[in-house]
Amino acid sequence: MKPFTENVIRIIKQIPPGKVMTYGQIAKFAGSPRGARQVVRVLHSMSKKYNLPWFRVINSKGEIAIRDEETLAAQIIFLEEEGIEIENKSIDLKKYQYHPE
DNA sequence: AGCTTGACTGTGG
DNA sequence: ACCACAGCCAAGC
């Protein structure tokens, strides 16, 4: 598997409950600063197989970017259960964004 | 090999 | 705060 994919998986698994990361941020830490879209791809193909907390990944505006209604609803529930406040799909990044070392 | 398609992003109006 | 535009990169046809 590509190093990038492995990195993405490892980084996402590091996100603690109650925190979130953005696609671009993950891409950057994974070694591809412009690879936000690839992060999306990894989530699609690997989230189940590797049991990833995909719901802790949102876009740079601090909003949930999912198109599918059911999946979206599920994500909101997961996040709220971890104590994250969500205002109509949007999250306060200042407050909940995770910053790895 | 060329084109389309995303759970994206930063900039500018 | 909202919208339009232009980069971005890999996978699927």
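Reference entry: report on the structure contained in this document. (Residues numbered from 1 in each chain as written. Chains lettered and ligands numbered in written order. Predicted model: local features only at pLDDT ≥ 70, side-chain atom pairs only at ≥ 80, totals over all residues. Heavy atoms only, no water.)

A look at the packing of helix α1 (residues 3-14) against helix α3 (residues 36-46)
Across the interface, α1 lies against α3 with an axial gap of 10 Å and an inter-helix angle of 75 degrees. It follows that α1 is roughly perpendicular to α3 by the angle criterion. In this structure, α1 contributes Phe-4, Thr-5, Val-8, Ile-9 and Ile-12 to the contact, and α3 contributes Gln-38, Val-39, Val-42, Leu-43 and Met-46. Of the residues belonging to the contact of α1 with α3, the class tally is eight nonpolar, two polar and no charged. (Axes fitted to C-alpha atoms, helices over the stretch in contact; angles between N-to-C directions. Helix = DSSP H or I, 4+ residues; strand = E, 2+ residues; numbered from the N terminus. Parallel < 35°, antiparallel > 145°, perpendicular 65-115°, else oblique. Contact = heavy atoms within 4.5 Å. Nonpolar A, V, L, I, M, F, W, Y, C, P; charged D, E, K, R; others polar.)

Quick word on α3
Along α3, the residues classified as buried are Val-39, Val-42, Leu-43 and Met-46. The buried residues of α3 all sit within an arc of 100 degrees when viewed along its axis, so they share a single face. Facing away from the buried side of α3 by more than 90 degrees, the exposed set consists of Arg-37, Arg-41 and His-44. Its buried side turned inward, α3 meets α1, α2 (23-29) and β2 (57-58). (Buried < 20%, exposed > 50% of the residue type's maximum accessible area, 1.4 Å probe, protein only. Arc of directions from axis to C-beta.)

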